[in-house]
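# Working through the structure, step by step
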Amino acid sequence: MSRRADATPTSRAERGRSAPPAPVERYVSACLATGSDLRNAVRAARLPGTSLPEAGRRPLDRPWFVCRTEIEEFAADATALLELVISLPDRLFDGDLDRYCGALGIPERRAALLRRGARGRPTLLGRADAYHDGDAYRLLEFNLGSELGGMDLGAANRALLELPEFRAFAEENQLDYVDTASRLAAMLRDAGRPVTSGADPTVALIEDRGDLARYANWHVPLQRSLRRYGLDLLLGEIGEIRVRAGKVTLHGKPIDVILRNFSVNAILADPQGPELAEPVLRAHEDGKTVLFTTFESGLYSNKGALALLSESRARGLLSTSEETLADRLLPWTRSLAGGADADLLDHCRRHRTELVLKPRVGYGGRNVVAGWETPEAAWAEALRTATEQGHVVQRRVRPRPEPVVDADTGAVERWAAVLGVFVTEYGYGGAFGRALPVAESAVIAWSANHRTRVTGVFSHPSEPAGGPASTRVG
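Remember, it's a predicted structure, so these values are computed and weren't measured experimentally. (Residues numbered from 1 in each chain as written. Predicted model: local features only at pLDDT ≥ 70, side-chain atom pairs only at ≥ 80, totals over all residues. Heavy atoms only, no water.)

## A word on the nonpolar core
One finds F74, L81, Y100, F262 and L419 to be the most contacted residues of the largest nonpolar core, which totals 71 residues. With twelve residues, helix α4 (residues 68–93) is the largest single contributor of residues to this core. Not counting residues within four places of it along the chain, the set of residues in contact with L81 comprises L139, F142, L309, L325, A326, L329 and L330. (Core = buried A, V, L, I, M, F, W, Y, C linked by side-chain atoms within 4.5 Å. Buried < 20%, exposed > 50% of the residue type's maximum accessible area, 1.4 Å probe, protein only. Helix = DSSP H or I, 4+ residues; strand = E, 2+ residues; numbered from the N terminus. Contact = heavy atoms within 4.5 Å.)

## Some remarks on the packing of aromatic side chains
Aromatic ring pairs are described here by two measures, namely the spacing of the ring centres and the angle between the planes. Under the criterion given, the structure shown has 13 aromatic pairs. Here the aromatic rings of F262 and F295 are separated by 6.0 Å at their centres, their planes lie at 75 degrees, and the arrangement is edge-to-face. Taken together, the residues span a long stretch of sequence, with F262 in the loop between β10 (257–261) and α11 (264–269) and F295 in the loop between β11 (290–292) and α13 (298–301) at a distance of 33 residues. By the burial criterion, F262 is buried, and F295 matches it. Ring-pair connections join several aromatic residues into one group, and the members of that group are Y27, F65, F166, F169, Y177 and F458. Just above the ring of W64 sits the side chain of R62; from NZ or CZ to the centre is 4.7 Å. One cation-aromatic arrangement involves R396 over W372; the distance from NZ or CZ to the ring centre is 4.1 Å. (Phe/Tyr/Trp six-rings, centres within 6.5 Å; stacked < 30°, edge-to-face > 60°. Lys NZ or Arg CZ within 6 Å of the ring centre and 35° of its normal.)

## What about the sheet that holds strand β15 (residues 392–395)?
Overall, antiparallel pairing links the four strands, which are arranged β12-β15-β13-β14 in an open sheet. Because the sheet does not close on itself, it has two edges, and the strands there are β12 (333–335) and β14 (369–370). In terms of strand pairing, strand β13 (residues 355–358) meets β14 through two bridges, oriented antiparallel. If you follow V356 over to β14, its bridge partner there is A370. Along the sheet face, helix α17 (residues 376–389) touches β13 and β14 and points at about 40 degrees away from the line of β13. (Pairing = 2+ DSSP bridges. Axes fitted to C-alpha atoms, helices over the stretch in contact; angles between N-to-C directions.)

## Observations regarding helix α9 (residues 180–196)
If you check α9, its first and last C-alpha atoms are 23 Å apart, about what 17 residues at 1.5 Å a residue would give, namely 24 Å. The axis of α9 is deflected most strongly, by about 25 degrees, at D190, and proline P194 appears within four residues downstream. Restricting attention to buried positions, one finds in α9 the residues T180, A181, S182, R183, L184, A185, M187, L188, A191, G192 and T196. Looking at where α9 begins, the residue whose side-chain oxygen comes 3.1 Å from the main-chain nitrogen of A181 is D179. (Expected span 1.5 Å × (residues − 1). Bend = angle between axes of the 7 residues up to and from the residue. Polar contact = N/O pair within 3.5 Å; in protein donor to acceptor, adjacent residues only side chain to side chain.)

## Some details on the packing of α9 against helix α10 (residues 216–228)
The description of two helices packed together rests on the angle between their axes and the distance between the axes. It is at 9 Å that the axes of α9 and α10 come closest, and there the two elements cross at 70 degrees. Here α9 is positioned roughly perpendicular relative to α10, judged by the angle of their axes. Read as a crossing pair, α9 and α10 show a hand that is right-handed. Of the residues in α10, those in contact with A181, L184, A185 and L188 of α9 are L222, S225 and L226. (Parallel < 35°, antiparallel > 145°, perpendicular 65-115°, else oblique. Left-handed = near helix turned anticlockwise from the far one by under 90°.)

## Focus: the sheet that holds strand β5 (residues 203–207)
Read across the open sheet, the four strands follow the order β6-β5-β10-β11; overall the sheet is parallel. Where the open sheet ends on each side, the last strands, each with one partner, are β6 (233–237) and β11. Direction aside, the axes of adjacent strands within the sheet are offset by 30 degrees on average. Where β5 lies against β10, five bridges are found, and the strand directions are parallel.

## Let's talk about the environment of P399
Structurally, P399 is set in the loop between β15 and β16 (402–405). Placed 18 residues apart in sequence, P399 and A417 show a C-alpha to C-alpha distance of 7.2 Å. Beyond its immediate chain neighbours, meaning those up to four positions away, P399 contacts Y131, H132 and A416.

## Points about the pairing of β6
Across five bridges, the pairing between β5 and β6 is parallel. Residue pairing for β6: A204 is matched across the bridge by L234. Note on the crossover from β5 through α10 to β6: the handedness is right-handed. (Right-handed = clockwise from strand over helix to strand, strands pointing away.)

## Details of the pairing of strand β19 (residues 453–460)
Counting buried positions along β19 yields eight of eight residues, so the element is predominantly enclosed. Alignment of strand β1 (residues 58–59) against β19, held across two bridges, turns out to be parallel. Among the inter-strand pairings, P59 is bridged to a residue of β19, identified as V454. Pairing of strand β2 (residues 64–67) with β19 involves four bridges; the strand directions are parallel. If you follow F65 over to β19, its bridge partner there is F458. Summarising the sheet, strand β18 (residues 427–437) and β19 pair through four bridges and their orientation is antiparallel. Within β19, the residue paired with G433 across the bridge is T455.

## Points about the environment of I444
Here I444 lies in the loop between β18 and β19. Under the relative-accessibility criterion, I444 is labelled buried at 6%. In this structure the C-alpha to C-alpha distance between I444 and R366, which are 78 residues apart in sequence, comes to 9.1 Å.

## Some points on the side chain of R62
Positionally, R62 belongs in the loop between β1 and β2. A relative accessible area of 2% means that R62 is categorised as buried. A polar side-chain atom of R62 sits 2.9 Å from a polar atom in the side chain of E402. Engagement of the side chain of R62 in a polar contact is seen with the backbone oxygen of P403, the distance being 2.9 Å. When neighbours within four sequence positions are excluded, R62 is seen to be in contact with V24, Y27, V42, E402, P403, V404 and T455.

Given below as structure tokens:
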């Protein structure tokens, strides 16, 4: 597994650029040219088996372009930082997960489910959400586990490359991308080997009760993408699971690997949830059907873990190289709980416009309170609520804005994107973006109430040669 804990911040800063990368400028210029087909390329692309608008994910009018070396190094750094997070129970609590969960304010019923089957290191499949601030990528949060949004969006990149006008631009600028589904397929095969003796596993994506139809436009593209890499993916809900001779079945078919899309939140909210999950957990523990990934992932995607890491940095508990890594990636982050000290609260009040409040468990920008968008009195109330509920407070990261040409009007608008960068056992696993006009908000949520758009991510060399080159994926 790659390690970048010893990389110097000086070399990284030298590569960072406050201006958007060259392919952005070229793409915008091409979109503004009379008769250009690129302006409508995203809308013209056909995504088989899905409709982003129907799934609540409206596409941005251009892809996001990133420096290949920079995004791969960020993914390696994020992996190393995640390994630090995973080490916290041992470092701070002598391996006692009860104490670790207590420090994060995880209720006992939830903690018991997260600890079920915990082996100390969860399967590495995660998404590091980050802003580029003009110098480098800054981590906002980790999402860890198999119930990650965006793993299907490689289909959007493939659809774009089928258009001659975009294909020509991609070749000229030496663009490529990593299809997250390719990494996922490899990991599912690895997970299934103990059960199948090396044969391709029978894999089922299992949703929460009542959610399969709701998220069909997310799952069908992933299903088709995995088929491209030789794996068939069955779709079902946890209430449809049966067990025969200790092995999970779906619609009568024995399942080797479960791609878990049912969540801890849904299991705990459903009166029958624990009863429905128990056969799956038991089959996994007995080695008959592999649960990919286990609930253990939730121990480390909790944002309180980032606060513990940030606080450990402040207390001098990290090595020099670990401090360098944390300083490079992680904004100042602290936990707000019932016992939050007066100095911390006073700091939060005085620095409102530079801070953001986040629930320890959440995703997609939901229930986030941005201090720079919140009046002073409302911020004081938000702090009170956050202290009662145990949120975290994090220093604001200002994303670098980039130009996007509106396909309808031809107007050039400034947008910012949070990139979801996938990290896997096989390294960098691709990325996608969620974007919003910078004039509207700096908190980019999935919510359909905003103008949030999703976009595929293509990478380019540090200095594109401008000549033709074959576009690769995988």
